[in-house]
Amino acid sequence: LPAYRTGAYVGTGTNHAACFSSGCTPAQQAAMDLYLWNQANASLLPSGQGVVCVDSTPNDGTPAAPACDGVVGANLAVKIWWDDDRSGSPTQRFVQGVRP
């Protein structure tokens, strides 16, 4: 199964530095991709973080609970949250649907 269908792009990701030197599994690569993407999100947006998941109702969820339902046949959802008013809580959300 593709990594996005198994939930590999939900969460914070993991720094698998070995992916750069000695290779890694597809799941480790997905975790590394997510980690690096969220590092970039956090550097560009206040408290920025995101997920990529299968979701039939993409306009919901929070960073802590992205509400990805994994419904077979549903599109991918790229969800990004950030703290637009800098209140300490990332409540601003952007969602883009993607058809693989």
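One can find the structure itself at the top, above this paragraph.
Residues numbered from 1 in each chain as written. Predicted model: local features only at pLDDT ≥ 70, side-chain atom pairs only at ≥ 80, totals over all residues. Heavy atoms only, no water.

**Some words on the nonpolar core**
Thought 1: Membership of the largest hydrophobic core is limited to ten residues, which are A3, Y4, Y9, A30, L34, V52, V54, A74, L76 and V78.
Thought 2: Where this core is concerned, the elements lending two or more residues are α2 (26-44), β1 (49-54) and β2 (76-82). (Core = buried A, V, L, I, M, F, W, Y, C linked by side-chain atoms within 4.5 Å. Buried < 20%, exposed > 50% of the residue type's maximum accessible area, 1.4 Å probe, protein only. Helix = DSSP H or I, 4+ residues; strand = E, 2+ residues; numbered from the N terminus.)

**Quick look at unusual backbone geometry**
Thought 1: Despite not being glycine, A67 has its phi angle at roughly 60°, a positive value.
Thought 2: Residue placement: A67 occurs in the loop between β1 and β2.
Thought 3: The phi angle at R86 is positive, at roughly 55°, despite the residue not being glycine.
Thought 4: With respect to the helices and strands, the residue R86 is situated in the loop between β2 and β3 (92-98).

**Some details on the side chain of D55**
Thought 1: If you trace the backbone, D55 turns up in the loop between β1 and β2.
Thought 2: One polar contact links the side chain of D55 to the main-chain amide nitrogen of T57, over a distance of 3.1 Å.
Thought 3: There is a polar contact of 2.7 Å between the side chain of D55 and the side chain of K79.
Thought 4: Setting aside chain neighbours within four positions, we find D55 in contact with D60, P66, A67, C68, D69, A74, N75, A77 and K79. (Polar contact = N/O pair within 3.5 Å; in protein donor to acceptor, adjacent residues only side chain to side chain. Contact = heavy atoms within 4.5 Å.)

**A closer look at the pattern of salt bridges**
Thought 1: Under the counting rule described, the total for this entry stands at two salt bridges.
Thought 2: Across the salt bridge formed by D55 and K79, the nearest N and O atoms sit 2.7 Å from each other. Separated by 24 residues along the polypeptide, D55 in the loop between β1 and β2 and K79 in strand β2 bring together distant segments of the chain. For the pair D55 and K79, a shared accessibility class is recorded, and that class is buried.
Thought 3: For K79, the salt bridge is made with D60, and the minimal N-O distance between the two is 3.2 Å. A residue pair is termed long-range when its members are at least 10 positions apart, and K79 in strand β2 and D60 in the loop between β1 and β2 qualify at 19 residues. (Salt bridge = Lys/Arg side-chain N within 4 Å of Asp/Glu carboxyl O.)

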